[in-house]
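# Breakdown of the fold
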Amino acid sequence: MLRKLPLGWLTLVIQGGPKYIKRTHHARTMCSGPTPGVPYETSLQDEEAVEPKSVPSHVDAVIIGGGSLGCSTLYHLTKLGMTNVVLLEKDQLTAGTTWHTAGLVWNLRPSDTEIELLSSTRHLISEVLEAETGVNPGWINNGGLFIANNKERLDEYKRMATVAKVFGIESHVLTPEESKKLYPLMNIDDLYGTLYSPADGTIDPAGVCTALTRGATRAGAKVVTNCRVKDIKVAEDGMGVKRVQAVETSIGTINTPIVINCAGVWARTIGEKVGVNTPLCAKKHAYIVTERIEGVQNLPNIRDHDASVYLKLQGDALAIGGYEPDPIFWKPVPDFAFSLFELDWDVFAVHIEGAINRVPVIETTGIKSTVCGPESFTPDHKPLMGEAPEVRGYFLGCAFNSSGMMLGGGCGKELAHWVYHGRPELDMYGFDIRRFARFLTNNSGWIKERSHEAYTKNYAMVFPHDEPLASRGMIKDALHEELEAAGCIYQERQGFERPGWFSPNGPAPVLKYDYYGSYGIEKNANYEYEQRLMDDYTFDFPRHHDIIGNECLATRNNAAAFNMSYFGKFYLVGPDAQKAADWIFTNDMTKADGTTSYTCMLNQFGGVESDLTVSPIQPGAGGPLEPTFEGRGFYVAAGGGNSQHSLTHINTAIQDQKFDCRMLDHSTDLCMLSVQGPKSRDILQALTNTDLSNENFPFSTHQIITLAGHTLRALRLTFVGELGWELHIPNESAVPVYKAVMQEGAKHGIVNAGYRAIESLSMEKGYRHWHADLRSNDTPLEAGLAFTCKLKKSTPFLGREAIEKQKADGIRKKIVCFTTDQPHGPILGLETIYRNGEIVGFIRRGAYCFDLQRNMGYGYIQRADGGKVTNAYVKEGEYQIDRMGELYPAMAHVKLPFDPENKRVKGDYSDVLADKVKEELHV
């Protein structure tokens, strides 16, 4: 059934026709009727890109795929001095998805990393390529407008504009009237405001790729077209690790240690040749090009997010596209060079109403051409990059979710750095293939559901506490049903369900994904869980702000139980386990059995790849709680959200150093119940005969104990800054232990609490969250974690040389705690930090801290002159936080305002009790 279209458009719909149309030449062809075809030149002009009759026998790297990412990675590898590389393309360059891209380049995203990537692309195409190669990449700098139809949307734009200031990106929040002056053809009747980015524009795919390959081939790299990859040879080394050996092509065999898969929608097929999971799916993605529109020349591009549509300047016409609720999946994926699908108006028509509403003249304008081609999409609408966990030397640079041209310059640069130096320069974890657990990456149901939801929500507002509805309930720990009955509102991480917060209004179970009512699937009616999530979708405090506050204050004053079962739980065992632990972990791993250490893992540049806890153990009787092995082993507990990243980093270090040891993964075999607060010892002591006193069970130690009649491993640790224990429990014992804890805890005011409370409590205490205020391009010295590094010992560890050098030279950026007490909304992250009126950084992570009754945020500050950042420099400044364009006074803290002496962690609440006595006596 054809969706409702404006009357003037009904006669323009094409019915019937072939499933796809193959272009027989690359020249520009335009017809008076709406026929498939891109609105620009698609031919490449690089005389160095020829079709040789042979391929090199040995190269340092092979790139597969001649689209935006393949060409960019080739170019940037040569800039690093890696010139003995070859790019293979089965047809002609750009023939897959690059040739039909819309070519938009935006500068603003709700992510600092993506803003930097986009800036890198823009710099490359507007200032570098033509001057270097003589090829015009087709850069048109006409600016861009983001449309806001409501306050929440404009608040989102203000957040983007705020962090953009840190990177020198110009932007302006405009009123409807100011927007009309900038874009006279625009309807502003329903406009709340706009965000204008003057630096936005468009590029020509063929021009960009021509310039990139010309620069690369002149430096010595090779481009081989009409060359198919028949197979990729891998072999196991002496440790049983699979490594890339060679690429077999239709022309010959190339010996190489590195393959970079930039094959777009065909990347899964390439991955299958070597057993690498590539979690993407192909969809038909479309835009149309109108006939000439008078007055549109030189106007900015538009993104009307609430209508899920973009309007791109195309000469004297407009290209119109967007993200529909029922995209067409394309499977299987055949050869499809320089080809287009016939546009399905039943699917595309949803965009027309929004486009006409925004620019009414479109309703009476004809269609010149339609463009519907294949694009690859991922479960979180982010690309797939980095070295695959399954095969060493096999890198991914694919699945760019229709953003390959605008992200290509920056991502090609980072991927080249990744290959050459072992890691990218920027924090690329959000694009790293290791962000997904291995059991997910070949789950076709998960890939399909999540990629659909991510596609349809691409233009949705990006809220700090957004949760997916697709593919939920994949992994439910043993406590799931108990907590759901208690009103738990779950979050999802890596397939695991984890507690977010607890509602007093009863259960809100997660239901089967309904595709938002698309594809004829009935939408879930009266979906309570979805309604609870909607309460969180704001840039202000949510409706349940006070409920989260109660969880926090109960933890501070009495006790709380946190289910942290989604954590990764690993054992490092084998003859070289001690050597591996010494090398991989920054803290001292020679401490006595029974101790537990908080530690970092670094890359060779000193950046923190993960933070976790490690406990030396002796062999046990068997099972996930006490596994059998020889010698000394280590129990490793890693944050569940990045557990795959942590596991892969450890395994990679073991392989690189050829240590004789291995990792055992028991993440799903053990639950983890954390009991925290001043009353935690009283609660747990009543359930065990083990002495839990400071003398017998000090902080940062662990013991196997019996609690409520069940054997478990207890670690005296905290992530909220209170007296407490983590109980690592075999699944079969989890429910009875939990019930016993809650029954005894009822005498002491215990509550269930979730990760929303942890976020606030840990911030109040100054504990770091990896990949929020601690990333792989932050060092322990910069992050205030120097105490985790065994620099007073001579033991080598990965990244030590970089840390020692930085310590000698002084740090150029430093994490700082900021608090504000102004009556405004929450600090959420991305707020700009001003010192004495000068921008010095931005907030990485923020939260409201209920004990301090303050907004708090952590951000790294840097000096404009590149000088050292010392405590004195921090203390001497006067600070302001820019929240959505409004400046608020802020206080920078060198010493944490909450429990700076760690008395609570040690179980010393004497000062707290004294303060309460004084308060009661009105002293």
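Treat the numbers as computed from the prediction; the structure is a model and nothing was measured.

Here we come to the overall build of the protein. When its secondary structure is counted, the protein shows 22 helices and 42 strands. Based on the C-alpha atoms only, the size of the protein along its principal axes is roughly 85 × 65 × 55 Å. Each of the 923 residues in the protein was classed as buried or not, and the buried ones make up 62%. For the protein, contacts bridging at least 24 residues in sequence account for 73% of all contacts bridging at least 6. With the model as given, the accessible surface of the protein reaches about 34,200 Å², and the carbon-plus-sulfur share is 49%. When the 94 positive and 112 negative side-chain charges of the protein are each reduced to one mean point, those points stand 3 Å apart.

Now for the nonpolar core. Counting 77 residues, the largest nonpolar core has Ile260 and Cys411 as its most contacted members. At 8 residues, helix α10 (residues 404-421) tops the list of elements feeding residues into this core. With residues near it in sequence (within four places) discarded, Ile260 still touches Val62, Ile63, Ile64, Thr73, Leu77, Phe395, Leu415 and Val419. One finds Tyr183, Val224, Phe436 and Leu440 within the second-largest nonpolar core, a separate group that totals 69 residues.

Here we take up the packing of aromatic side chains. Each aromatic ring pair is described using two quantities: the centre-to-centre distance and the angle formed by the ring planes. For the coordinates displayed, the defined rule picks out 29 aromatic pairs. Taken together, a centroid distance of 4.9 Å and an interplanar angle of 65° make the contact between Trp330 and Phe336 edge-to-face. Phe336 carries the same exposure label as Trp330, and that label is buried. Both rings, one in Phe463 and one in Tyr537, keep their centres 5.4 Å apart while their planes meet at 0°; by these two values the pair is stacked. Residue Phe463 is located in the loop between α11 (444-456) and α12 (480-485), and its partner Tyr537 is located in the loop between α13 (528-534) and α14 (545-557); the two are separated by 74 residues in the primary sequence. Judged by relative accessible area, Tyr537 falls into the buried class, the value being 18%. Pairwise contacts between aromatic rings join Phe329, Tyr513, Tyr515, Tyr516 and Tyr519 into one cluster. A cation over an aromatic ring shows up here: Lys284 above the ring of Phe341, its NZ or CZ 4.4 Å from the ring centre. Taking NZ or CZ as reference, Arg835 lies 3.7 Å from the ring centre of Tyr873, over its face.

A few words now on the environment of Ser693. Take Ser693: it is sitting in the loop between α17 (680-685) and β33 (702-707). What makes Ser693 buried here is its relative accessible area of 17%. Put simply, Ser693 and Arg681 are 12 residues apart on the chain and 8.1 Å apart in space, counted from C-alpha to C-alpha. Once residues within four sequence positions are removed from consideration, Ser693 is found in contact with Arg681, Gln685 and Pro698.

If you walk through the whole model with that rule in mind, you get 49 salt bridges. Ionic pairing is found between Arg450 and Glu492, a salt bridge with its closest N-O pair at 3.3 Å. Taken together, the residues span a long stretch of sequence, with Arg450 in helix α11 and Glu492 in strand β24 (residues 488-493) at a distance of 42 residues. This pair shows no difference in class: Arg450 is buried, exactly as Glu492 is. For Asp588, the salt bridge identified is with Lys793, shortest N-O distance 3.4 Å. Here Lys793 lies in the loop between α19 (755-765) and α20 (800-809) and Asp588 lies in the loop between α15 (577-584) and β28 (597-602), a separation of 205 residues in the sequence. A residue is classified by how much of its surface remains accessible, and Asp588, at 17% relative accessible area, is buried. In this structure Lys793 comes out as partly exposed when scored by relative accessible area, which is 32%. Members of the salt-bridge network, linked through shared partners, are Arg556, Glu722, Glu764 and Arg904.

With that settled, the discussion passes to the side chain of Arg434. The topology assignment puts Arg434 in the loop between α10 and α11. Look past the residues within four positions of Arg434 in its chain and what remains in contact with it is Glu387, Pro389, Glu609, Gln644, His645, Thr648 and His649.

Counting buried residues in strand β35 (residues 724-730) gives 7 out of 7 residues, a clear majority hidden from the surface. Both faces of β35 are covered, namely the face carrying Gly724, Glu726, His728 and Pro730 and the face carrying Trp725, Leu727 and Ile729. Pairing geometry for strand β32 (residues 670-676) and β35, over 7 bridges, is antiparallel. Across the sheet, the residue bridging to Val675 is Trp725, located in β35.

Here we come to the sheet that holds strand β38 (residues 832-835). Strands sit in the order β37-β40-β39-β38-β41-β42 around a closed barrel of 6 strands; the barrel is antiparallel. Direction aside, neighbouring strands of the sheet carry axes that sit 40° apart on average. The pairing of strand β37 (residues 813-820) with strand β40 (residues 854-862) spans 8 bridges and is classified as antiparallel. Residue pairing in the sheet places Thr820 in a bridge with Asn855 of β40.

One open sheet holds the 6 strands; their spatial order is β10-β4-β3-β14-β23-β22, and the pairing between them is mixed. With one partner strand each, in any of the chains shown, β10 (222-224) and β22 (384-387) form the two edges of the open sheet. Recorded for the sheet is a direction-independent mean angle of 20° between the axes of neighbouring strands. Taken strand by strand, helix α2 (residues 68-79) contacts β3 (61-64), β4 (85-88), β10, β14 (259-261) and β23 (394-398), and its axis lies near 170° from that of β4.

With that settled, consider the pairing of strand β16 (residues 301-304). The alternating pattern of β16 places Asn301 and Arg303 and Ile302 and Asp304 on opposite faces, both of which are buried. Summarising the sheet, strand β6 (residues 144-148) and β16 pair through 4 bridges and their orientation is parallel. Following the sheet pairing, Ile147 is matched in β16 by Asp304. Of the strand pairs in this sheet, β16 and strand β17 (residues 309-314) are connected by 3 bridges, and their pairing is antiparallel. The residue bridging Ile302 from the neighbouring strand is Leu311, located in β17. Between β16 and β17, which follow one another and run antiparallel, lie 4 residues, and Ser308 among them has a positive phi close to 55°.

Time to look at unusual backbone geometry. Of note, the amide linkage connecting Lys331 to Pro332 takes the cis form, showing an omega dihedral of 0°. Note on placement: Pro332 falls in the loop between β19 (328-329) and β20 (339-341). Of note, the phi angle at Phe338 is positive, near 45°, even though the residue is not glycine. Counting through the fold element by element, Phe338 comes out in the loop between β19 and β20. In this model, Ala399 sits at a positive phi of 60°, which is unusual for a non-glycine residue.

On to the layout of surface pockets, then. A volume near 1,000 Å³ is recorded for the second largest pocket. Contributing to the lining of the second largest pocket are 48 residues, with Glu387, Arg392, Arg434, Thr652 and Asp656 lying nearest its centre. Listed by contribution, the elements that provide at least two residues to the lining of the second largest pocket are β12 (242-249), β22, α10 and α16 (643-657). With 11 residues, α16 is the largest single contributor of residues to the lining of the second largest pocket. The class makeup of the residues in the lining of the second largest pocket is 19 nonpolar, 16 polar and 13 charged.

Before going further, it helps to examine the side chain of Thr555. Here Thr555 is to be found in helix α14. Judged by its relative accessible area of 0%, Thr555 is buried. A polar atom in the side chain of Thr555 sits 2.8 Å from the backbone oxygen of Glu551. Not counting residues within four places of it along the chain, the set of residues in contact with Thr555 comprises Ala560, Phe562, Gln676, Gly677, Pro678, Val720, Glu722 and Leu761.

This paragraph deals with the confidence of the model for the protein. If pLDDT is low for a region, its predicted coordinates should not be looked at in detail. Summary statistics for the protein give a mean pLDDT of 93 and a share of 94% for residues scoring 70 or more. Per-residue pLDDT stays below 50 along residues 13-32; that stretch engages in 46 contacts with residues further than four places along the chain or on separate chains. Low pLDDT (under 50) marks residues 916-923, which in the prediction has 2 contacts with non-local residues, meaning those over four places away or in another chain.

Another aspect to go through is the packing of α2 against helix α6 (residues 205-218). It is the contact of α2 with α6, at a shortest axis distance of 8 Å, that shows an interaxial angle of 30°. Between α2 and α6, the angle is such that the two are roughly parallel. Read as a crossing pair, α2 and α6 show a hand that is left-handed. Each of Ser68, Cys71, Ser72, Leu74, Tyr75 and Thr78 in α2 lies in contact with α6, whose residues at this interface are Cys209, Leu212, Thr213, Gly215 and Ala216.

Conventions adopted
Residues numbered from 1 in each chain as written. Predicted model: local features only at pLDDT ≥ 70, side-chain atom pairs only at ≥ 80, totals over all residues. Heavy atoms only, no water. Helix = DSSP H or I, 4+ residues; strand = E, 2+ residues; numbered from the N terminus. Buried < 20%, exposed > 50% of the residue type's maximum accessible area, 1.4 Å probe, protein only. Contact = heavy atoms within 4.5 Å. Areas by Shrake-Rupley, 256 points an atom, 1.4 Å probe, with all protein chains shown as cover. Lys, Arg positive; Asp, Glu negative; His and termini not counted. Charge placed at Lys NZ, Arg CZ, Asp CG, Glu CD. Core = buried A, V, L, I, M, F, W, Y, C linked by side-chain atoms within 4.5 Å. Phe/Tyr/Trp six-rings, centres within 6.5 Å; stacked < 30°, edge-to-face > 60°. Lys NZ or Arg CZ within 6 Å of the ring centre and 35° of its normal. Salt bridge = Lys/Arg side-chain N within 4 Å of Asp/Glu carboxyl O. Pairing = 2+ DSSP bridges. Axes fitted to C-alpha atoms, helices over the stretch in contact; angles between N-to-C directions. 1 Å grid on protein atoms, 1.4 Å probe; cavity = no way out; pocket = protein on both sides within 12 Å on 5 of 7 lines; lining within 4 Å. Points joined across faces, edges and corners; volume = space filled by probe spheres on them. Nonpolar A, V, L, I, M, F, W, Y, C, P; charged D, E, K, R; others polar. Polar contact = N/O pair within 3.5 Å; in protein donor to acceptor, adjacent residues only side chain to side chain. pLDDT = per-residue confidence, 0-100. Parallel < 35°, antiparallel > 145°, perpendicular 65-115°, else oblique. Left-handed = near helix turned anticlockwise from the far one by under 90°.

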